[in-house]
Amino acid sequence: MTPPSDPLTVVRAIDAELTHVWMIRTFLKHADEAEEDEDLREVVRDLYDFILAVGPVTDETDPAAYMKMAKKKLRRLRGATELYEAIQPEVSGHTNFAMAAKSLRLAVDRIIALVQPPQ
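Counting restarts for each chain, with residues numbered from 1 along the sequence as it is written. Local features are withheld for residues below a pLDDT of 70 in this predicted model, meaning they are given only at 70 or higher, and side-chain atom pairs are given and counted only at 80 or more; totals for whole chains, interfaces and linings count all residues. Hydrogens and water molecules were not included; the side-chain quantities draw on all heavy atoms of the structure.

## Looking at the packing of aromatic side chains
Part 1 of the argument: Aromatic rings from Phe, Tyr and Trp, taking only the six-membered ring of Trp, are treated as a pair when their centres fall within 6.5 Å; an angle between ring planes under 30 degrees marks them as stacked, one over 60 as edge-to-face, and anything in between as tilted. The final tally for this structure, using the stated rule, is 2 aromatic pairs.
Part 2 of the argument: When the centroid spacing of 4.9 Å and the interplanar angle of 55 degrees are considered together, the rings of Phe27 and Phe97 count as tilted. In this pair, Phe27 is assigned in helix α1 (residues 7-30) and Phe97 in helix α5 (residues 95-115), connecting sequence segments 70 residues apart.
Part 3 of the argument: According to the relative accessible area criterion, Phe97 is buried, its value standing at 5%. Every helix listed is a DSSP run of H or I at least four residues long, and every strand listed is a run of E at least two residues long, numbered separately from the N terminus. Each residue is placed in one exposure class: buried if its accessible area under a 1.4 Å probe, protein chains only, is under 20% of its type's maximum, exposed if it is over 50%, and partly exposed if it falls in between.

## A closer look at the side chain of Ser92
Part 1 of the argument: With respect to the helices, strands and loops of the structure, Ser92 is situated in the loop between α4 (63-91) and α5.
Part 2 of the argument: Once you skip the residues sitting within four places of it in the chain, Ser92 turns out to touch Glu33 and Phe97. Here, two residues are considered to be in contact whenever any of their heavy atoms come within 4.5 Å of each other.

## Focus on the nonpolar core
Part 1 of the argument: Residues enter a nonpolar core if they are buried and are Ala, Val, Leu, Ile, Met, Phe, Trp, Tyr or Cys, with the set joined through side-chain atoms within 4.5 Å. Of all hydrophobic cores here, the largest spans 37 residues; its most connected members are Ile14, Leu18, Val21, Tyr84 and Ile111.
Part 2 of the argument: If you list the elements that add at least two residues to this core, you get α1, α3 (38-54), α4 and α5.
Part 3 of the argument: Among the elements that take part in this core, α5 stands out by supplying 10 residues, more than any other.
Part 4 of the argument: When sequence neighbours within four positions are dropped, the list of residues in contact with Tyr84 reads Leu28, Leu40, Val43, Phe97, Ala100, Ala101 and Leu104.

## Remarks on the packing of α1 against α3
Part 1 of the argument: Packing of α1 against α3 brings their axes to within 9 Å, and their N-to-C directions diverge by 145 degrees. In the packing of α1 onto α3, the handedness of the crossing is left-handed. Packed against α1, whose contacting residues are Leu18, Val21, Trp22, Arg25, Leu28 and Lys29, the element α3 presents Leu40, Val43, Val44, Leu47, Tyr48, Phe50, Ile51 and Val54 at the interface.
Part 2 of the argument: In terms of residue class, the contact of α1 with α3 is built from 12 nonpolar, no polar and 2 charged. Lines fitted to C-alpha atoms define the axes, with helix axes restricted to the stretch in contact, and inter-axis angles between N-to-C directions lie between 0 and 180 degrees. Left-handed is the label given to a crossing in which the near helix is rotated counterclockwise from the far helix by less than a right angle, and right-handed is the label when the rotation is clockwise. When residues are grouped by polarity, Ala, Val, Leu, Ile, Met, Phe, Trp, Tyr, Cys and Pro land in nonpolar, Asp, Glu, Lys and Arg in charged, and all others, Gly among them, in polar.

## Notes on the packing of α3 against α4
Part 1 of the argument: Closest axis-to-axis distance for the α3/α4 pair is 8 Å, and the angle between their directions is 160 degrees. If you check the angle between α3 and α4, you find them roughly antiparallel. Between α3 and α4 lies a crossing of left-handed hand. Only Tyr66, Met69, Ala70, Lys73, Leu74, Arg76, Leu77, Ala80, Leu83, Tyr84, Ile87 and Val91 of α4 make contact with α3, whose side of the interface consists of Asp39, Leu40, Glu42, Val43, Asp46, Leu47, Asp49, Phe50, Ala53 and Val54.
Part 2 of the argument: Looking at side-chain class alone, the contact of α3 with α4 contains 16 nonpolar, no polar and 6 charged residues. Our angle categories are set so that under 35 degrees counts as roughly parallel, over 145 as roughly antiparallel, 65 to 115 as roughly perpendicular, and the remainder as oblique.

## Comments concerning the environment of His94
Part 1 of the argument: Residue placement: His94 occurs in the loop between α4 and α5.
Part 2 of the argument: In this structure the side chain of His94 is engaged in a polar contact, spanning 2.9 Å, whose partner is the backbone nitrogen of Asn96. By the criterion applied in these results, polar contacts are pairs of N or O atoms within 3.5 Å in which, for protein atoms, one can donate a hydrogen and the other can accept it, and in which residues neighboring in sequence qualify only through two side-chain atoms.

Here you go:
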C-alpha cells in the first residue's frame, strides 16, 4: 500500500482506520469480560487515548498537528494492540474476540504505515 502524499488525505485515511479501532474498543468496553480483566480495560483505555488525542477530522484539521500527535501516541496504540493480541486467548476464545484481535491488527498496521511511511 502506497501512502497518499497529500497531508490531509493521509489524515483522512488514518481517521478512516480509526473507525475500525473505535468499533473494536466499543465491543471490548461493553464485553462482560472487561469487568473482570484489568489488562482488557487497559487496552480499551489506550485505544480511546489515541482516538481522543488525534481528535475528529474536519476540513479545518491541521494535518501537521494531527500527525505530530499521532506520532506521539503511536507507541500506546501499538502497545494496546500487542497486549490485546497476547491476552485475547485468555480473555475469551470466542470468535468475536479472535476476530477483534485480527481487525485491530489490520487497522493499526495501516495506521502505522500512514504515520511512519517507509523511507
